[in-house]
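Now for the letters of each chain:
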Amino acid sequence: MSGGAPDFFYREAQRLGYVARSAFKLLQMQKQYKLITPGSSVLDLGCAPGAWLQVACQSLGPLKNGGSVVGIDLKKVKVPTLCDSRVQTISADVMNLPKDQIRKLSPLQKGFSVILSDMCPLVSGISTRDAALSAELGMKALDLAVGGAALAPTRDTTEGEIQSVSSSCSPEDDGVLKPGGHLIIKLLESEDNKEFSQICKPLFRKSSWLRPKATRSSSREIYLICQGLRRFQVAEV
């Protein structure tokens with residue numbers, strides 16, 4: 001642990017067997033939003049060191065309930081304790097990983113019901129640069145989740161669905177988040193975050209910001225919680 005004496009969340013993580021205090025961030029999100037339910041298929045982007053894998057697996061309930069958790073990170077991540085056979089990890093660069101390859105990791109290759117992005121850039125200390133890199137990772141997570149539908153959507157208010165203004169997107173560009181699914185994106189606080197809200201608002205039934213209690217006081221990180229991905233219809237143009 002870096003800097004200062006061990007805090008409450010650090011001690012609790014050790015006591016409960018979590019590999020990092022960040023487990024309590026996802027635990028709070030679970031308590032407030034109930035994103036992961038028994039049988040969920042979960043994709044954890046930037047999964048190192050594995051605390052969110054642990055919480056996600058626990059949130060699936062007993063093994064008999066089914067479900068799966070796939071973690072992806074640049075680092076090789078060993079599946080931690082508290083996890084069972086439903087959890088697997090992949091070492092890869094998400095920024096260069098095609099959507100169809102990621103979809104193949106999901107049950108029956110039909111996509112995931114929850115996508116967690118705890119990806120964060122190597123912090124340089126230059127606020128604007130760090131925020132821009134964080135936004136790039138966040139946009140990658142969003143594009144991975146919803147695909148071409150996020151490019152220029154228009155909402156059909158009568159049907160409660162979204163129609164993309166272009167039908168030029170190939171099937172390979174389809175997002176890997178199932179309709180009705182949930183997405184969590186970590187970002188660093190900046191003015192650009194307003195744009196994220198504007199993009200996500202029509203794509204999901206609900207979107208909200210959360211700064212978990214376990215976030216260090218010195219940290220600028222904040223999470224965008226997107227619930228209920230709307231169904232998409234591609235308009236002929």
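Given the structure is predicted, the values throughout are model-derived calculations rather than measurements.

Requested: an account of the overall build of the protein chain, with residues and values cited.
In terms of helices and strands, the protein chain carries 6 helices and 10 strands. If you take every contact in the protein chain between residues at least 6 apart in sequence, the share linking residues at least 24 apart comes to 70%.

Hey, could you go over the side chain of K140 for me, with residue numbers and the actual values?
Turning to its location among the elements, K140 is positioned in helix α5 (residues 127-146). One buried charge, K140, has no salt-bridge partner; the nearest side chain with opposite charge is D143, at 4.6 Å. Those residues in contact with K140 that lie beyond four places of it in its chain are V94, M95 and L97.

Describe the sheet that holds strand β7 (residues 177-188), listing the residues and the values that go with them.
As summarised here, the arrangement of the 7 strands in space is β3-β2-β1-β4-β7-β9-β8, forming an open sheet in which the pairing is mixed. The open sheet terminates on both sides in strands that have one partner only, identified here as β3 (87-91) and β8 (204-210). Across the sheet, the axes of successive neighbouring strands diverge by a mean angle of 15 degrees, strand direction being ignored. Pairing of strand β2 (residues 68-73) with β3, which is carried by 5 bridges, proceeds in the parallel orientation. Following the sheet pairing, D73 is matched in β3 by S91. On top of the sheet, helix α3 (residues 51-59) reaches β1 (41-45), β2, β3, β4 (112-117), β7 and β9 (221-229); it is set at about 170 degrees to β2, its chief contact.

How would you explain the UniProt feature "active site" (unreviewed entry) in the protein chain if you had to name every residue and give the values?
UniProt's feature table lists "active site" (unreviewed entry) at K186, given in the numbering used throughout. For K186, the location among the structural elements is in strand β7. Discounting chain neighbours no more than four positions away, the residues touching K186 are S117, D118, M119, C120, S134, E221, I222 and Y223.

Please provide a residue-by-residue account of the environment of L144, values included.
Along the chain, L144 turns up in helix α5. On a C-alpha basis, the gap between L144 and I115 in space is 9.3 Å, while along the polypeptide they are 29 residues apart. Beyond its immediate chain neighbours, meaning those up to four positions away, L144 contacts L43, L45, V94, K99, I102, G175 and V176.

Let's hear about the packing of helix α2 (residues 23-33) against α3: which residues, and what values?
One can describe the packing of α2 onto α3 by two numbers: an axis separation of 8 Å at closest approach and a directional angle of 35 degrees. Along this stretch, α2 crosses α3, giving a crossing that reads as right-handed. Contacts between α2 and α3 involve A23, K25, L26, L27, M29 and Q30 on the former and, on the latter, A51, W52, V55, A56 and S59. Residues that form the contact of α2 with α3 fall into these classes: 8 nonpolar, 2 polar and 1 charged.

Please provide a residue-by-residue account of the state of the cysteines, values included.
Disulfide: a covalent bond connecting the sulfur atoms of a pair of cysteines. On inspection of all chains with the given rule, the structure shows 0 disulfides. Its sulfur unpaired, C57 is 4.9 Å from the next cysteine sulfur, which belongs to C83. According to the relative accessible area criterion, C83 is buried, its value standing at 17%.

Criteria and cut-off values
Here the residue numbering is sequential within each chain, running from 1 through the sequence in written order. Note on the predicted model: pLDDT of at least 70 is required for a residue's local features to be given, and 80 or more for side-chain atom pairs to be given and counted; whole-chain, interface and lining totals, by contrast, use all residues. The side-chain quantities take in all heavy atoms of the structure and omit both hydrogens and water. Secondary structure follows DSSP: runs of H or I at least 4 residues long count as helices, runs of E at least 2 residues long count as strands, and numbering of each begins at the N terminus. Residues are treated as being in contact if the distance between any of their heavy atoms lies within 4.5 Å. Only protein chains enter the accessibility calculation, which uses a 1.4 Å probe; a residue whose area is less than 20% of its type maximum is buried, one above 50% is exposed, and one in between is partly exposed. When charges are tallied, Lys and Arg are placed among the positive residues and Asp and Glu among the negative ones, while His and the ends of the chain are skipped. For salt bridges, the criterion is a side-chain nitrogen of Lys or Arg within 4 Å of an Asp or Glu carboxyl oxygen. Here, strands pair whenever DSSP counts at least two bridges between them. Only the contacting stretch of a helix is used when fitting its axis, a line to C-alpha atoms as for every element, and angles between N-to-C directions run 0 to 180 degrees. UniProt positions are given in the numbering used here, feature names are shortened, and annotations may be inferred rather than shown by experiment. With the far helix as reference, a near helix turned anticlockwise by less than a right angle produces a left-handed crossing, and one turned clockwise produces a right-handed crossing. By the convention adopted, Pro, Cys, Tyr, Trp, Phe, Met, Ile, Leu, Val and Ala count as nonpolar, Lys, Arg, Asp and Glu as charged, and the other residues, Gly among them, as polar. Pairs of cysteine sulfur atoms within 2.5 Å are what we label disulfides.

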